[in-house]
Amino acid sequence: MNNTFYMPTKIILGENCLNNNKYLLEPLGNKALLVTGKHSSKANGSLNDVKNILKDLDVEYYLYDEVEENPSLDTINKISNLGKLKNVDFVIGIGGGSPLDASKAAAVLINNTDATITDLGNNPSLSAVPVIAIPTTAGTGSETTPYSIVTDHNLKPKEEYVKRFFL
């Protein structure tokens with residue numbers, strides 16, 4: 001089995017970088033799913049910036065703004081179900097590591113309608129709809145990797161999980 005991931009990443013930064021590079025969103029499609037946490041993207045203005053850009057580009061968008069810290073598999077399912085229901089073309093994650101990780105995981109399930117949450121860890125060949133990651137914090141680097149850190153509340157405590165799978 002080939003465990004190679006190909007995730008081309010383009011990093012853009014600088015003053016007014018969202019608005020100056022909005023043309024990069026045009027080829028991605030006409031429907032976007034915005035994924036954020038509950039508060040920070042609203043408070044810091046990044047969510048409004050993205051909404052305004054999408055309006056300028058005449059891109060329809062839907063919002064999931066309930067991502068918790070260490071997003072759960074249940075949250076990933078909710079996000080992907082919304083994306084599938086609305087037939088979105090791409091996902092925009094806005095915030096810290098949790099919304100960005102949730103966006104990447106949900107994008108895989110949106111693109112693979114028959115895949116389940118279990119397939120995320122067991123089938124590295126699954127591809128995702130395009131993901132735009134807009135980090136608003138410095139820390140995890142989630143915007144630069146193909147990986148998502150999610151929480152499975154059905155597993156045993158972390159220490160037992162580590163022993164069970166890594167020793």
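Structural data are supplied above this passage.
Criteria and cut-off values
Each chain carries its own residue numbering, running from 1 in the written order of its sequence. A pLDDT threshold of at least 70 governs which residues receive local features in this predicted model, and a stricter bar of 80 or more applies before side-chain atom pairs are shown or counted, although totals over entire chains, interfaces and linings include all residues. Hydrogens and waters are ignored; side-chain quantities use all the structure's heavy atoms. Basic side-chain nitrogens of Lys or Arg form a salt bridge, by our definition, when they fall within 4 Å of a carboxyl oxygen of Asp or Glu. Secondary structure elements are taken from DSSP: a helix is a run of H or I of four residues or more, a strand is a run of E of two residues or more, and numbering for both begins at the N terminus. Whether a residue is buried, partly exposed or exposed follows from its accessible area with a 1.4 Å probe, protein chains only, as a fraction of its type maximum: under 20%, in between, or over 50%, in that order. Every angle, taken between N-to-C directions, lies between 0 and 180 degrees, and every axis is a line fitted to C-alpha atoms, over only the stretch in contact when it is a helix. Throughout this description, any angle smaller than 35 degrees is read as roughly parallel, any larger than 145 degrees as roughly antiparallel, any in the 65 to 115 degree range as roughly perpendicular, and the remainder as oblique. Crossing handedness follows the turn of the near helix against the far one: under a right angle anticlockwise gives a left-handed crossing, and clockwise gives a right-handed one. Contacts: residue pairs with any heavy atoms within 4.5 Å of one another. Polar here means any residue other than Ala, Val, Leu, Ile, Met, Phe, Trp, Tyr, Cys and Pro, which are nonpolar, and Asp, Glu, Lys and Arg, which are charged; Gly is therefore polar. Any two strands with at least two DSSP bridges between them are considered paired.

(A) Representation of the pattern of salt bridges within the structure. On inspection of all chains with the given rule, the structure shows 4 salt bridges. For D56, the salt bridge identified is with K22, shortest N-O distance 3.2 Å. With a gap of 34 residues between them, D56 in helix α3 (residues 46-56) and K22 in the loop between α1 (17-20) and β1 (31-37) connect regions that are remote in the sequence. What makes D56 exposed here is its relative accessible area of 53%. Since its relative accessible area comes to 23%, K22 is described here as partly exposed.

(B) A look at the packing of helix α4 (residues 73-86) against helix α5 (residues 97-111). It is the contact of α4 with α5, at a shortest axis distance of 8 Å, that shows an interaxial angle of 50°. Taken as axis vectors, α4 and α5 run oblique relative to one another. Handedness of the α4/α5 crossing: right-handed. Here α4 contributes I76, N77, I79, S80, G83 and K84 to the contact with α5, which in turn contributes A102, A105, A106, L109 and I110. Grouping the amino acids of the contact of α4 with α5 by side-chain chemistry returns 7 nonpolar, 3 polar and 1 charged.

(C) Structural view of the sheet that holds strand β2 (residues 60-67). An order of β2-β1-β3-β4 is seen for the 4 strands of this open sheet, with the pairing classed as parallel. The open sheet has two free edges, formed respectively by β2 and β4 (131-135), since each of these has just one partner strand. Each neighbouring strand pair of the sheet contributes to a mean axis angle of 20°, computed without reference to strand direction. Looking at chain direction, β1 and strand β3 (residues 90-95) are connected through 5 bridges and run parallel. The residue of β3 that forms the bridge with V35 is G93. The strands touched by α5 within the sheet are β1, β2, β3 and β4, with β3 carrying the most contacts at an inclination of about 165°.

(D) The pairing of β1, seen in detail. Among the 7 residues of β1, 6 are classified as buried, and the element is accordingly described as predominantly covered. As paired elements, β1 and β2 share 6 bridges and run parallel to each other. Paired with A32 across the bridge in β2 is Y61.

Limitation: the analysis is restricted to geometry and does not speak to function.
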